[in-house]
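Next come the chains, spelled out residue by residue.
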Amino acid sequence: MKATYKIDPAHSKAHFTVRHMMITNVRGAFSGVQGTVVYDPENLSESSVDVTIDTNTINTQEPDRDRHLKSADFLEVEKYPTITFKSKSITKDGSGELQVKGDLTIHGVTKELVMKVEGPTAEAKDPWGNIRIGASGTTKIKRSDFGLTYNAALEAGGVLVGDEVKIELEVSLIKG
């Protein structure tokens, strides 16, 4: 049965992981995740995902790094205040997970990608009477594909910031 759900920003996050100095991973998150999911488990072609992320909510637990990531070297949050994802198709893979193909726009550049999605969960009533479902999605991108090319060479060889970025999306959705 087809239903429309709103992403609950208070209980949803977009996480990212990128290699730093070629020796460790730096993790961060955006808390300003909003959007709509239309889900019809009987007819996935009638399902869709539309997500908007507020780039100014980036948080890596390091204020100086966050300021740099918001600057023209990276996200340029004043010029590009959002990251968006709009699905084109949703299918099931052999393991029962969903494959959500769509357009991701970062820094004014749009690229098609596929996000692997676990869920959605079964519907449950929360303490306030809302009907909720949840889902988790993962994908990888190359930040250079989106014009995010800032880097610095390291004295010992290699670069300061890796090009591959792992993205994880955790969403809580409210029906209606």
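Just so it is clear, the model here is predicted, and its values are computed rather than measured.

Visitor: Outline the confidence of the model for the protein, supporting the account with residue identities and numerical values.
Guide: Summary statistics for the protein give a mean pLDDT of 89 and a share of 91% for residues scoring 70 or more. Per-element averaging of pLDDT across the protein places strand β2 (residues 13-20) at the bottom with 86 and strand β1 (residues 3-7) at the top with 97.

Visitor: Please set out the pattern of salt bridges residue by residue, giving values where relevant.
Guide: Pairing between side chains of opposite charge can happen when their charged atoms approach one another. Summed over all chains, the structure comprises 9 salt bridges. Between Asp-8 and Arg-132 there is a salt bridge, and its shortest N-O distance comes to 2.9 Å. Within this pair, whereas Asp-8 is found in the loop between β1 and β2, its partner Arg-132 is found in strand β11 (residues 131-142), the two being separated by 124 residues in sequence. Its relative accessible area of 9% is what places Asp-8 among the buried residues. In this structure, Asp-64 and Arg-67 form a salt bridge, with 2.2 Å as the shortest nitrogen-oxygen distance. Of this pair, Asp-64 and Arg-67 both sit in helix α1 (residues 63-70), 3 residues apart, which is roughly one turn of the helix.

Visitor: So what about the pairing of strand β7 (residues 82-92)? Which residues, and what values?
Guide: In terms of strand pairing, strand β5 (residues 48-54) meets β7 through 5 bridges, oriented antiparallel. Of the residues in β7, the one forming a bridge with Thr-52 is Thr-84. Where β7 meets strand β8 (residues 98-106), 8 bridges bridge the pair, whose relative direction is antiparallel. Bridging across to β8, Ser-87 finds its partner in Gly-102.

Visitor: I'd love a proper account of the packing of aromatic side chains, names of residues and values included.
Guide: Tallied over the entire structure, the rule returns 1 aromatic pair. Each ring, one from Phe-16 and one from Phe-30, has its centre 5.7 Å from the other, and the planes form 45°; the classification is tilted. Of the two residues, Phe-16 is situated in strand β2 and Phe-30 in strand β3 (residues 24-30); the sequence distance between them amounts to 14 residues. For the pair shown, Phe-16 and Phe-30 are each scored as buried.

Visitor: Pulling in residues and values, what's your account of the nonpolar core?
Guide: Within the largest apolar cluster, 40 residues are counted, with the highest numbers of intra-cluster contacts made by Phe-30, Val-33, Val-51, Leu-104, Ile-106 and Ile-141. At 5 residues, the largest contribution of residues to this core is made by strand β12 (residues 161-175).

Reading the values: the criteria
Residues numbered from 1 in each chain as written. Predicted model: local features only at pLDDT ≥ 70, side-chain atom pairs only at ≥ 80, totals over all residues. Heavy atoms only, no water. pLDDT = per-residue confidence, 0-100. Helix = DSSP H or I, 4+ residues; strand = E, 2+ residues; numbered from the N terminus. Salt bridge = Lys/Arg side-chain N within 4 Å of Asp/Glu carboxyl O. Buried < 20%, exposed > 50% of the residue type's maximum accessible area, 1.4 Å probe, protein only. Pairing = 2+ DSSP bridges. Phe/Tyr/Trp six-rings, centres within 6.5 Å; stacked < 30°, edge-to-face > 60°. Core = buried A, V, L, I, M, F, W, Y, C linked by side-chain atoms within 4.5 Å.

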